[in-house]
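This is what each chain is made of:
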2 protein chains.
Amino acid sequence: MTHFHDPTTCQSCAQRFTSVFCKAKQEFIAEINEQKICNIYKKGQTLFNEGSYPFGVYCINDGKVKLSHLGDDGKEQIIRLLRGGDVLGYRALLSGERYSASAIALEDTQVCFIPKELFISVLKSDTGLAFEMMKLLSDELHKAEVKLTHLAQKPIRERLAETLLFIKETYGFEADGVTLSVRLSREEIANLVGTATESTIRLLSEFKKDGMVELDGKKIKILRQKELIKTANLQD
Amino acid sequence: MTHFHDPTTCQSCAQRFTSVFCKAKQEFIAEINEQKICNIYKKGQTLFNEGSYPFGVYCINDGKVKLSHLGDDGKEQIIRLLRGGDVLGYRALLSGERYSASAIALEDTQVCFIPKELFISVLKSDTGLAFEMMKLLSDELHKAEVKLTHLAQKPIRERLAETLLFIKETYGFEADGVTLSVRLSREEIANLVGTATESTIRLLSEFKKDGMVELDGKKIKILRQKELIKTANLQD
DNA sequence: TAAGATGCATGATTTTTGTCATGTTTTGAA
DNA sequence: TTCAAAACATGACAAAAATCATGCATCTTA
């Protein structure tokens, strides 16, 4: 369905100014360009699975991916949402463990794969890139800690509002300027919020009744963002 | 009250084999040794405050420290517990932000301070140390993600059991082999679990009734660890 | 040592959230 | 196109957890 351009070079990739790799030296980018393997994953396909060993890192060229853990009772917890320019798979690689989460395409997605050895060797030779990786990890850690605090302290209504804003922040709107440009099931939204699917459905209906959102199947329109922000009760 | 040895050198520091810095090259350790500043923080004193700018990293020589966020309603959320050999303050430094959490001594604690410039310059010259930092960050990120999932999916009873095991894992037992060697208030335990103080008190009483723990003020003895593990309902 | 403050404990109650049941709608594959 | 499966929706109920109130114990410090 979705159409992607023919395999591009890293030097002309649409994400060359946004991903962490944009900070790598030219010579290394050339090397990455030679060894990278581009692939297209259809909606629902798995990039990698929790529990398996990493062989490299993935760089999203275009598309949307969710990263999710399985809880001890087998329930999905969505940890992160990724878009073009985002890199994934580095955490397990750097700590030398198996993947602790699965990556699944939310829509048809084009991804470049960079082999482990190359990634590590570039990281060794390119201090700037290493610092970028440390910054990336630090930022993710920060986000995780904030999310953790909200999960522990905020009621579900606030967390759902926050999640809707987060989805908007990550994937933005469609051309109309109000429709979230990703289609997530109610269950997926629930697994992002950390609650039961029914609670999510109920609260979404309430938000609709309050005029904050409009619902049309998986299409969600944000009508009154300011009220949503209030509902989310965010500090900044 | 507590007595610490006179300022040691990094080369003879009790933590020289456990902290991330043990992977740094000798020449850099010598440099760190020259520039480090050792300090003792009394119980309850603050190492650094959420919102202020980092000037360096802290390396705990001996003692116990909690790292905690303030939630949007001003409620404390304890993010991490630290002990001798642990480093803190690097997250904000590496992502170039203000501290997102406060560090407070849980008992009299001896800490070395390493200035920002030195830390960064050593990190730039010593690839091995940079990789250790990336590994450290990756591990912390992993822990945060697991905690996040448990927070979202597990009931408070399980989380309290898990927290007690976590405290034991972090600080261990006293000489008797059963008493947790840290004194936390019920409120602090609640802020670690992510629940109301009363709920924590009630559940601790239940655990006592079930014979899993023994309570004597802030002294907590773990009597039946296996049952606690069961109660925590952990996968591994 | 007395008194105020803080922390611990417990009961009663309310609120929040999850679960179960059921019906409807939408979707996707034969 | 049709049918089964999945997703959505909603009500009723149960369970979990927070809140409020109160009393006791312990710690601090004047």
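The model shown is predicted, which means the values in this text are computed figures rather than measured ones. (Residues numbered from 1 in each chain as written. Chains lettered and ligands numbered in written order. Predicted model: local features only at pLDDT ≥ 70, side-chain atom pairs only at ≥ 80, totals over all residues. Heavy atoms only, no water.)

Undergrad: Hey, could you run me through the sheet that holds strand β2 (residues 46-48) of chain A in this one?
TA: Sheet strands associate in pairs through backbone hydrogen bonding, adopting either a parallel or an antiparallel arrangement. All names here are of chain A. Spatially, the four strands line up as an open sheet ordered β2-β7-β4-β5, and their pairing is antiparallel. Bordering the open sheet on either side are β2 and β5 (76-83), each of which pairs with just one other strand. Adjacent strand axes in the sheet meet at a mean angle of 30°, parallel and antiparallel pairs treated alike. Where β2 meets strand β7 (residues 102-105), two bridges bridge the pair, whose relative direction is antiparallel. Bridged to Phe 48 within β7 is Ala 103. (Pairing = 2+ DSSP bridges. Helix = DSSP H or I, 4+ residues; strand = E, 2+ residues; numbered from the N terminus. Axes fitted to C-alpha atoms, helices over the stretch in contact; angles between N-to-C directions.)

Undergrad: Sorry, what's going on with the pairing of β5(A) here?
TA: Where a strand is regular, its side chains alternate between the two sheet faces. Residues and elements named next belong to chain A. The element β5 is extensively covered by neighbouring structure, given that seven of its eight residues are classed as buried. As judged from the seven bridges shared by strand β4 (residues 64-70) and β5, these two strands associate in the antiparallel manner. The residue of β5 that forms the bridge with Leu 67 is Arg 80. (Buried < 20%, exposed > 50% of the residue type's maximum accessible area, 1.4 Å probe, protein only.)

Undergrad: Any chance you could explain the sheet that holds strand β6 (residues 87-88) of chain A here in plain terms?
TA: All names here are of chain A. Pairing in this open sheet of four strands is antiparallel, and the strands run β1-β8-β3-β6 from one edge to the other. On the outer flanks of this sheet lie β1 (37-41) and β6, each paired with one strand and no other. Two elements, strand β3 (residues 56-62) and strand β8 (residues 109-115), share six bridges in a ladder whose sense is antiparallel. For Tyr 58, the partnering residue across the bridge sits in β8 and is Phe 113. Across the face of the sheet, helix α3 (residues 116-125) comes into contact with β3 and β8 while running at roughly 70° to β8. (Contact = heavy atoms within 4.5 Å.)

Undergrad: Just checking my understanding: could you explain the relation of the copies chain A and chain B for this structure?
TA: Between the two copies of this chain, the relationship is a rotation about some axis together with a displacement along it. Mapping chain A onto chain B calls for a rotation angle of 180° and an axial translation of 0.0 Å; the resulting RMSD is 0.0 Å. Expressed as an axis order, the relation between the two copies is that of a two-fold axis. When you check the interface residues of chain A against chain B, 100% turn up at the interface there too, and the contact is symmetric in its surfaces. (Least-squares fit on C-alpha atoms with pLDDT ≥ 70 in both.)

Undergrad: Can you help me understand the interface of chain A and chain B in this one?
TA: By a widespread convention, an interface's size corresponds to the accessible area lost as its parts come together. Each partner contributes residues to the interface: chain A has 44 residues there, and chain B has 44 residues. Around 4,100 Å² of area is buried between chain A and chain B when both sides are counted, 62% of it from carbon and sulfur atoms. Along the contact surface separating chain A from chain B lie four salt bridges. Across the pair B:Glu145 and A:Arg80 runs a salt bridge whose closest N-O atoms are separated by 2.8 Å. Joining chain A to chain B, the criterion identifies 13 residue pairs in polar contact (both at pLDDT 80 or more). Listing elements by their share of the side of chain A that touches chain B, those giving two or more residues are β5, α2 (90-95), α3 and α4 (127-153) of chain A. Here the side of chain A that touches chain B takes 22 residues from α4(A), the largest share from any one element. Residues belonging to the side of chain A that touches chain B are distributed by class as follows: 16 nonpolar, 14 polar and 14 charged. (Buried area = accessible area lost by both parts, 1.4 Å probe. Salt bridge = Lys/Arg side-chain N within 4 Å of Asp/Glu carboxyl O. Polar contact = N/O pair within 3.5 Å; in protein donor to acceptor, adjacent residues only side chain to side chain. Nonpolar A, V, L, I, M, F, W, Y, C, P; charged D, E, K, R; others polar.)

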